[in-house]
Amino acid sequence: MKRKILVLGGAHIDRRGRISGDTAPGSSNPGSWFEEAGGGGFNAARNLARLGFDVTMISPRGGDPTGEMVTEAAYAAGVNDRPFVFLDRKTPSYTAIIERDGNLVIALADMDLYRYFSPRRLAIRAVREAFADNDLILFDANLPEDTIAAIVTRANGLGKPVAAIAISPAKVIKLKACAEGIDFLFLNEAEATALAGARPDDATDWVSLLGDTGLKGGVVTRGQRELIAFAGKQSIALQPPAVDSVADVTGAGDSLAAGVLSAFMHGLPLEEAVRHGAAAAAVTVQSPLAVSEKLTPELLRDTLALVPAARILH
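Just so we're clear, the structure is a prediction, and the values are computed from it rather than from any experiment. Residue numbering note: each chain is counted from 1, following its sequence as written. Where totals are concerned, whole chains, interfaces and linings use all residues; where local detail is concerned, this predicted model gives features only for residues with pLDDT of at least 70, and gives and counts side-chain atom pairs only at 80 or more. Calculation of side-chain values draws on the structure's entire complement of heavy atoms; hydrogens and water are dropped beforehand.

1. Thoughts on helix 8 (residues 252-265)
Then, in step 1: We count a stretch as a helix when DSSP gives it H or I for four or more residues in a row; a strand needs E for two or more, and each element gets its number in order from the N terminus. A helix's residues, less one, multiplied by 1.5 Å, set its expected span. The terminal C-alpha atoms of helix 8, which comprises 14 residues, lie 20 Å apart, in line with the 20 Å expected from a rise of 1.5 Å per residue.
Then, in step 2: Of the residues trailing helix 8, G267 is marked for its positive phi of about 85°.

2. A few points about the packing of aromatic side chains
Then, in step 1: Working definition: rings of Phe, Tyr and Trp (its six-membered ring) pair if their centres are within 6.5 Å, and the pair is stacked with planes under 30 degrees apart, edge-to-face with planes over 60 apart, and tilted otherwise. Tallying each qualifying case throughout the model produces four aromatic pairs.
Then, in step 2: Aromatic pair F184 and F186: ring centres 5.2 Å apart, planes at 55°, arrangement tilted. Both residues of the pair, F184 and F186, belong to the buried class.
Then, in step 3: With a centroid separation of 5.2 Å and an interplanar angle of 75°, the aromatic rings of F184 and F264 are classed as edge-to-face. Here the residue F184 occupies a position in strand 12 (residues 184-188), and F264 occupies one in helix 8, the gap between them amounting to 80 residues.
Then, in step 4: Each residue is assigned to one of three classes by its accessible area relative to the maximum for its type, calculated with a 1.4 Å probe on protein chains only: buried under 20%, partly exposed between the two thresholds, exposed over 50%. With a relative accessible area of 28%, F264 lands in the partly exposed category.
Then, in step 5: Put simply, a charge is over a ring when the Lys NZ or the Arg CZ is close to the ring centre, within 6 Å, and near the line of the ring normal, within 35 degrees. Between the NZ or CZ atom of R46 and the centre of the ring of F42, over which it lies, the distance is 4.4 Å.

3. Re the packing of helix 1 (residues 40-50) against helix 8
Then, in step 1: Contact geometry of helix 1 with helix 8 gives a least axis separation of 8 Å together with a crossing angle of 45°. If you check the angle between helix 1 and helix 8, you find them oblique. The two elements helix 1 and helix 8 meet at a crossing, and its hand is right-handed. Touching G40, N43, A44, N47 and L48 of helix 1 are D254, S255, A258, L261 and S262, all from helix 8.
Then, in step 2: The residue makeup of the contact of helix 1 with helix 8, split by class, is four nonpolar, five polar and one charged. Lines fitted to C-alpha atoms define the axes, with helix axes restricted to the stretch in contact, and inter-axis angles between N-to-C directions lie between 0 and 180 degrees. Should an angle fall under 35 degrees it is taken as roughly parallel, and over 145 as roughly antiparallel, whereas 65 to 115 is taken as roughly perpendicular and any remaining angle as oblique. Helix crossings get a hand from a simple test, with the near helix turned counterclockwise from the far one by less than a right angle marking a left-handed crossing and a clockwise turn marking a right-handed one. Contacts: residue pairs with any heavy atoms within 4.5 Å of one another. Charged means Asp, Glu, Lys or Arg here, nonpolar means Ala, Val, Leu, Ile, Met, Phe, Trp, Tyr, Cys or Pro, and polar covers whatever is left, Gly included.

Structure follows, in structure tokens:
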């Protein structure tokens, strides 16, 4: 029987403009435009579905053609889509400008609709049943702070493990009040700095800084430098694998989250779970899409050969 995962959070449209030459700040840059379904929670949900899990996604959506694109993407990935549809409002969007080498220049997030995902929506019968029926609860910080707190409280009350995706430095601070109820958080260094209120000189000190917030576990990504991960009293460092070419870094962190959670759900220890996450991210950055259509359990296992062993810190 497939393990079940409930995801609550961002499911919207990603618009990305890619600069075709050298970036010229403050002026017009030749390039091309591309859009697809995206969102931190939705990207992770689709990756998890591709890795063989029974995934349910709950998110607000507008009654517009953009929302229909998200619905179609959920269907294509095998995600059980349970949106709250607001017919008179537009679906949220994320618009990014990407350099020729795939790195982000700047982005704009139009996410106003997510504030309508209020805590009272968790009392709807279908949502209550989804919490009770799933083995893991994953959410992202696109949601309102009081809704996030209610999600963590509901999951903790049911004895369900809780994971979260930070999304951005501005949004991760919503997690401060309920950090003690989160089992595993996925974030980069900028987001970790915002949550912890400090940035260590030694990256391994992220473990103690984030532990002081109450977090039980997490992964701090650092681009191509060693990532830091911890769970309980154990902590590791892992060098991300080199890839032949980077098509687009969008969605890499979300696929890392999916890879780690997939391994955890199969009972693997921290060091192996993070290797699976790094392998999933490596597959994603080589794709022009935020969720690689090539990702399968078999490809993930093959890509593990590129990922070095973790360095045990404690």
